[in-house]
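This is what each chain is made of:
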Amino acid sequence: MASERERNANGEFTDRIPADAALDAFDGREDVARPLTAADVMEALDCSRRTAHNKLNALVDEGELETRKIGARGRVWWRPITAGERNRRLAVEGAEGRSAGVDEPDGRTDGLPSEVEQAIRAADLPGSGRTLDARREALAAAYEHLTSHPSATKSDFLDDVYPKYPAAFETPEGWWNAIQPALKQLPAVDPPEERGHLWQFLGGDRFTPTLG
């Protein structure tokens, strides 16, 4: 027979997993900037979805994590990184890469608002490694195109973005089938209604990228 769970002074069950334990799921990775889902934390802690959500929400309240909704029902969490911390990390990584003779990674989204950058990193795009980096860069370029042309059609993206950012897709249609579902989820993007053709950008200066 399993031992009875411990209770506190009020007779309530105590939680054997401290909220800070969830931070291990964020810190114990090579890509520490990648947002995580509740399922990622469930796997790391070997706990229920409710427990994972409780830990994540507690860490948001404590300022340890940030969160945002992705799509209709999805949600992601991430460790907030200030601009100063990010610049220091990039400087260290750049110096280490140059000393080791390693090329700079592709897929950078510098100049994007933090909300957009996080959404692009969380987007469900196929591939991994440099291929995934290239596809994130293509998604960022499609977003930049829409901010510059607040009313655009599928043909506009295929004519103006795909040739410069093919992202290892062999056909424009394959590229579009991967990019457009992710583009729909980015901030201030208004996709066409059913049977419609026009993509619209509803944001202002806050969401306008300054990609180089």
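This section reports on the structure supplied with the text.

1. Thoughts on the overall build of the protein chain
Item 1. Helix and strand counts for the protein chain come out as eight helices and five strands.
Item 2. Start at the N end of the protein chain and walk to the C end: the helices and strands fall as α-α-α-β-β-α-α-α-β-α-α-β-β.
Item 3. Considering only contacts within the protein chain whose residues lie at least 6 apart along the sequence, 52% involve residues at least 24 apart.
Item 4. Taken as a whole, the protein chain presents about 13100 Å² of accessible surface, with 46% of it coming from carbon and sulfur.

2. Here we look at the pattern of salt bridges
Item 1. For the coordinates displayed, the defined rule picks out two salt bridges.
Item 2. The closest approach of N and O atoms between R79 and E64, which form a salt bridge, is 3.1 Å. One end of the pair, R79, is in the loop between β2 (74-78) and α4 (83-100); the other, E64, is in the loop between α3 (49-61) and β1 (66-70), and 15 residues separate them in sequence.
Item 3. The partly exposed category is assigned to R79, whose relative accessible area is 23%.
Item 4. Given a relative accessible area of 29%, E64 falls into the partly exposed group.

3. A look at the packing of aromatic side chains
Item 1. Inspection of every chain in the model, using the stated rule, returns six aromatic pairs.
Item 2. With a centroid separation of 5.5 Å and 80° between ring planes, the pair formed by W176 and W199 is classed as edge-to-face. Here W176 is found in helix α8 (residues 172-184), whereas its partner W199 is found in strand β5 (residues 199-201), with 23 residues between them in sequence. The burial state of W176 is the same as that of W199; both residues are buried.
Item 3. One aromatic cluster is present, built from ring pairs that chain together F157, Y162, W175, W176 and W199.
Item 4. A cation over a ring is seen here: R135 above F169, with NZ or CZ 3.9 Å from the ring centre.

4. What to know about the sheet that holds strand β3 (residues 151-152)
The pairing of strands in a sheet comes from backbone hydrogen bonds and takes either a parallel or an antiparallel form.
Item 1. The sheet built from three strands is open, its strands ordered β3-β5-β4 with antiparallel pairing. The sheet terminates laterally at β3 and β4 (189-190), the two strands that pair on one side only.
Item 2. The sheet contact formed by β3 and β5 spans two bridges and is antiparallel. Along β5, the bridge assignment pairs S151 with Q200.
Item 3. In the packing of helix α6 (residues 129-148) onto the sheet, the strands contacted are β3, β4 and β5, and the crossing angle to β5 comes to about 75°.
Item 4. Across the sheet, α8 is in contact with β4 and β5; its angle to β5 comes to roughly 40°.

5. Here we look at unusual backbone geometry
Item 1. Although it is not a glycine, D46 adopts a positive phi angle of roughly 55°.
Item 2. Structurally, D46 can be placed in the loop between α2 (38-45) and α3.
Item 3. Given the relative accessible area of 72%, D46 is considered exposed.
Item 4. Its identity is not glycine, yet A167 carries a phi of approximately 55°, on the positive side.

Cut-offs applied
Along every chain, residues carry numbers that run from 1 in the direction the sequence is written. Note on the predicted model: pLDDT of at least 70 is required for a residue's local features to be given, and 80 or more for side-chain atom pairs to be given and counted; whole-chain, interface and lining totals, by contrast, use all residues. As a convention, hydrogens and water are excluded, and side-chain values are obtained from all of the structure's heavy atoms. Strands are runs of DSSP state E lasting at least 2 residues, helices are runs of H or I lasting at least 4, and numbering of each runs from the N terminus. In what follows, a contact means two residues having at least one pair of non-hydrogen atoms within 4.5 Å. Areas reported here follow the Shrake-Rupley algorithm with a probe of radius 1.4 Å; residue values treat only the protein chains shown as occluding. Should a side-chain nitrogen of Lys or Arg be within 4 Å of a carboxyl oxygen of Asp or Glu, the pair is scored as a salt bridge. When accessible area is computed with a 1.4 Å probe and restricted to protein chains, residues below 20% of their type maximum are described as buried, those above 50% as exposed, and intermediate ones as partly exposed. Whether two aromatic rings pair depends on their centres lying within 6.5 Å, for rings of Phe, Tyr and Trp, where Trp uses its six-membered ring; planes under 30 degrees apart make the pair stacked, over 60 edge-to-face, and the rest tilted. A ring is considered to have a charge above it if a Lys NZ or an Arg CZ atom is located within 6 Å of its centre and within 35 degrees of its normal. Pairing between strands is defined by DSSP: at least two bridges between them are needed. Working convention: axes come from line fits to C-alpha atoms, limited for helices to the stretch in contact. Angles between N-to-C directions cover 0 to 180 degrees.

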